[in-house]
Amino acid sequence: MVSLKDIARECQVSIATVSKALNDHPDISEERKAMIRFKADELGYHPNLFARTLKTKHSYNIGVLFTDEANNGLTHDYFAAVLDSFKTTVEKNAYDLTFLNCNKSRKQRMSYLEHARYRGFDGVVIACVDFTDPEVLELVQSDIPLVTVDYMFNDRMAVMSDNVKGIEDLLSYIYGMGHRRIAYIHGADSHVTRSRVSSFFRTAEKLGLEIPDEYVSESEYRDVEGAAKATGKLLDLKKPPTCIMYPDDLSAFGGINIIRERGLGIPEDISVVGYDGIRIARYVAPFLTTLKQDTLHLGQYAAEKLIDLIEHPRTAVREITNVRGTVFEGQTIRKM
């Protein structure tokens, strides 16, 4: 392993000078700093993490609390994309990631807060969990810097996908394509669902749309079978909708399956739209019309704000950041 002594010998300077140059001390000229840093990179020097931790009082390790009731884990397309962007950003800032232990069936497991303290995390990102879980609340109420994704707590940083604007944009697009009989199969009760459903009815009212009670139903997120069952009930109505909105793209595929089983064409006989903009939805014909969430910036902003809170605790602003998605027009909406 390359040491400061090796760099000092190659540059013909003292070890103290190398240390000052690598730590950007003002009493070393920029020219000399550049020369020493170039030589350090050339030799493959990496700073000793333990020494850096002792000096800065930081572990340079961020905890990730991520799970969902269906145990999708990192196969959850939307959150996996958000966390991938988060990971890329924190690694660019020389931080590592470690997942908190979410397996509550293990004997003698630590709570989320105990695990975070045991690992010495500088901060924690929380996404796709049961935010009413007492262990989650205990972690949120602690003094550990943290940021939540798609959920808000008082006095805590949060990065949110703008679900209100997303539904408004999506429903307005469907209306603009000439549809007036529009059904909505929404997800199970959550902060995200409540925001989307409220936006759906508010936008419908603004557009002058009448939404019959039977046009609105619930299905779990990412539940292909549940979405198919709900779609079947809509198709059985005396006056079925001309377009069906789904809680996510995977659920939309469940609806598409039952529509095709009934011998109906998409979008010739009925139109469908998803939500999220997962990659596969843009590769399976006909391309799914959907609201593409900006997972790149959701993850990036969450990482940047958490690092700012870790490194500048006195000046970091604890704010809510909303990230707007875009309508991907696709091929599953018929022009009426």
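Everything below is about the structure shown above.
Here's a quick rundown of the structure.

What counts, and at which threshold
- Per chain, residues are indexed from 1 in the order of the written sequence.
- For a predicted model such as this one, the threshold for reporting local features is a pLDDT of at least 70, and the threshold for listing and counting side-chain atom pairs is 80 or more; totals across whole chains, interfaces and linings nevertheless cover every residue.
- Here the side-chain values reflect all heavy atoms present in the structure, with hydrogen atoms and water set aside.
- Two strands are said to pair when DSSP picks up at least two bridges between them.
- Under the DSSP-based scheme used, a helix requires at least four consecutive residues in state H or I and a strand at least two consecutive residues in state E, with every element numbered from the N terminus.
- Every angle, taken between N-to-C directions, lies between 0 and 180 degrees, and every axis is a line fitted to C-alpha atoms, over only the stretch in contact when it is a helix.
- Contact definition: two residues touch when any of their heavy atoms are within 4.5 Å.
- To estimate how far a helix should reach, multiply one less than its number of residues by 1.5 Å.
- Summary of the burial criterion: residues with accessible area below 20% of their type's maximum are buried, those above 50% are exposed, and those between are partly exposed, where the area comes from a 1.4 Å probe applied to protein chains only.
- Definition used in this section: a nonpolar core is a set of buried Ala, Val, Leu, Ile, Met, Phe, Trp, Tyr and Cys residues joined via side-chain atoms within 4.5 Å.

### Observations regarding the sheet that holds strand β9 (residues 271-273)
So, point 1. Read across the sheet, 4 strands follow the order β7-β6-β8-β9 without closing on themselves; strand pairing throughout is parallel. Every other strand in the sheet has two partners, leaving β7 (216-218) and β9 as the edge strands with one partner each. Here the strands of the sheet are splayed against their neighbours by 20° on average, with no regard to which way each runs.
So, point 2. Strands in contact with helix α8 (residues 163-176) are β6 (182-186), β8 (243-245) and β9; relative to β8, the strand with the most contacts, it is inclined by about 170°.

### A short note on helix α12 (residues 295-311)
So, point 1. An ideal rise of 1.5 Å per residue puts 24 Å on 17 residues; α12 measures up with 24 Å between its terminal C-alpha atoms.
So, point 2. Among the residues making up α12, those that are buried are Thr295, Leu298, Gly299, Ala302, Ala303, Lys305, Leu306, Ile307, Leu309 and Ile310.
So, point 3. Tucked inside the fold, the buried residues of α12 contact β1 (61-66), α5 (77-92), β3 (123-127), β4 (146-149), β5 (157-161) and β11 (320-323).

### Regarding the environment of Pro313
So, point 1. The residue Pro313 is located in the loop between α12 and β11 in this model.
So, point 2. Taking C-alpha positions, Pro313 is 8.4 Å from Pro145, a pair spaced 168 residues apart along the chain.
So, point 3. When neighbours within four sequence positions are excluded, Pro313 is seen to be in contact with Asp308 and Arg318.

### Focus: the nonpolar core
So, point 1. Residues Met245, Tyr246 and Ile259 are the most contacted members of the largest nonpolar core, which totals 40 residues.
So, point 2. Elements with a minimum of two residues in this core: α8, β6, α9 (191-207), α10 (224-235), β8, α11 (249-261) and β9.
So, point 3. Dropping the residues within four chain positions of it, Met245 is found in contact with Ile167, Leu170, Leu171, Ile174, Ile182, Ala183, Tyr184, Ile185, Phe200 and Val273.
So, point 4. Counting 27 residues, the second largest nonpolar core, distinct from the first, contains Phe86, Val90, Leu298 and Leu309.

All we've got here are geometric facts, nothing functional implied.
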